[in-house]
Amino acid sequence: MSSRPRAEMIEATRAKLIASARLAFARLGYAKTSMDDLTAEAGLTRGALYHHFGDKQGLLAAVVEQIDSEMDARLDRVSDQAGDPWEGFTRRCRAYLEMAQEPEIRRIVLQDARAVLGERLPAQEHCIDSLGRRLQALAEAGIISPAPSQALARLVNGSLVDTALWIAADTAPGQRLEQALQGLELLLRGLRTKP
């Protein structure tokens with residue numbers, strides 16, 4: 001048996017577990033998801049889960065990483081489709097807050113992952129670095145006032161994440177999002193060097 005089919009088998013097993021967990025976590029939440037039910041639904045054993053992810057938390061981290069990656073790709077498309085860098089940046093910020101209302105992102109990324117994995121998620125630093133590069137490019141283009149890009153990225157990211165958590169906890173969908181988008185417009189307007 002060559003290593004290629006084994007590697008493909010390993011990846012297929014991981015993908016099955018992640019897909020099954022993603023559905024279960026979105027539907028039931030992390031706490032109510034049974035590892036036995038999850039692995040049975042995937043047609044695998046609990047041993048496979050332990051082998052590939054260590055434990056249920058490790059599986060949640062893999063699911064969050066997958067969703068974060070998909071969110072990043074969506075946000076990149078939003079930025080890329082804009083008419084100019086500033087519009088791309090503002091649309092990206094708006095889109096991130098709008099994602100907070102999507103059931104899967106709301107439950108898995110903004111509620112369960114924070115409760116189970118803690119405040120600093122692995123993808124958080126990647127997001128801050130990406131945001132820092134975008135802010136640096138905006139400053140170099142004279143669109144925003146020059147500022148230390150990493151510090152500014154942490155300030156913007158922190159406000160977006162905290163606001164997304166607030167939106168995700170909304171019992172009247174849409175109300176907090178509308179308020180957040182109004183506040184975001186004011187906040188972002190303050191970054192611009194000229195209207």
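The structure displayed is predicted, hence computed values, not measured ones.

**A few points about helix 5 (residues 85–99)**
Link 1 in the chain: Helix length check: helix 5 (15 residues) gives 21 Å between terminal C-alpha atoms against 21 Å at 1.5 Å per residue, within 8%.
Link 2 in the chain: Backbone nitrogen of Trp 86 and a side-chain oxygen of the N-cap are separated by 3.0 Å at the start of helix 5; the cap is Asp 84.

**What to know about the UniProt feature "domain: HTH tetR-type" (unreviewed entry) in the protein**
Link 1 in the chain: The sites that UniProt annotates as "domain: HTH tetR-type" (unreviewed entry) are residues 11–71.
Link 2 in the chain: Segment residues 11–71 splits into 82% helix and 0% strand. End C-alpha atoms: 22 Å apart.

**As for the pattern of salt bridges**
Link 1 in the chain: This structure, assessed with the given rule, holds 9 salt bridges.
Link 2 in the chain: Across the pair Glu 102 and Arg 74 runs a salt bridge whose closest N-O atoms are separated by 2.6 Å. With Glu 102 in the loop between helix 5 and helix 6 (103–117) and Arg 74 in helix 4 (residues 56–80), this pair connects stretches of sequence that are 28 residues apart.
Link 3 in the chain: When its relative accessible area of 28% is taken as the criterion, Glu 102 is described as partly exposed.
Link 4 in the chain: Ionic pairing is found between Arg 189 and Glu 185, a salt bridge with its closest N-O pair at 3.3 Å. Here Arg 189 pairs with Glu 185, and both are found in helix 9 (residues 175–189), just 4 residues apart, close to one helical turn.
Link 5 in the chain: Relative accessible area serves as the criterion here: at 51%, Arg 189 is assigned to the exposed category.
Link 6 in the chain: Residue Glu 185 is classed as partly exposed on the basis of its relative accessible area, which comes to 48%.
Link 7 in the chain: What you see here is one network of salt bridges that share partners, running through Arg 22, Glu 70 and Glu 104.

**Structural notes on the UniProt feature "DNA-binding region" (unreviewed entry) in the protein**
Link 1 in the chain: In the UniProt entry, the feature "DNA-binding region" (unreviewed entry) is given for residues 34–53.
Link 2 in the chain: Helix makes up 80% of residues 34–53 and strand 0%, whereas the separation of the span's terminal C-alpha atoms amounts to 15 Å.

**Notes on the side chain of Asp 68**
Link 1 in the chain: On the secondary structure map, Asp 68 appears in helix 4.
Link 2 in the chain: No salt bridge is formed by the buried Asp 68. Its closest oppositely charged neighbour is Arg 114, at 7.9 Å.

**Notes on the packing of helix 6 against helix 8 (residues 149–168)**
Link 1 in the chain: Where helix 6 contacts helix 8, the axes come no closer than 10 Å and their chain directions differ by 110°. In terms of their interaxial angle, helix 6 and helix 8 are classed as roughly perpendicular. Counted together, Arg 106, Leu 110, Gln 111 and Arg 114 of helix 6 and Val 161, Ala 164, Leu 165 and Ala 168 of helix 8 form the full contact between these two elements.
Link 2 in the chain: Looking at side-chain class alone, the contact of helix 6 with helix 8 contains 5 nonpolar, 1 polar and 2 charged residues.

Scoring rules and cut-offs
- Residues numbered from 1 in each chain as written.
- Predicted model: local features only at pLDDT ≥ 70, side-chain atom pairs only at ≥ 80, totals over all residues.
- Heavy atoms only, no water.
- Helix = DSSP H or I, 4+ residues; strand = E, 2+ residues; numbered from the N terminus.
- Expected span 1.5 Å × (residues − 1).
- Polar contact = N/O pair within 3.5 Å; in protein donor to acceptor, adjacent residues only side chain to side chain.
- UniProt positions renumbered as here; feature names shortened; annotations may be inferred.
- Salt bridge = Lys/Arg side-chain N within 4 Å of Asp/Glu carboxyl O.
- Buried < 20%, exposed > 50% of the residue type's maximum accessible area, 1.4 Å probe, protein only.
- Lys, Arg positive; Asp, Glu negative; His and termini not counted.
- Axes fitted to C-alpha atoms, helices over the stretch in contact; angles between N-to-C directions.
- Parallel < 35°, antiparallel > 145°, perpendicular 65-115°, else oblique.
- Contact = heavy atoms within 4.5 Å.
- Nonpolar A, V, L, I, M, F, W, Y, C, P; charged D, E, K, R; others polar.

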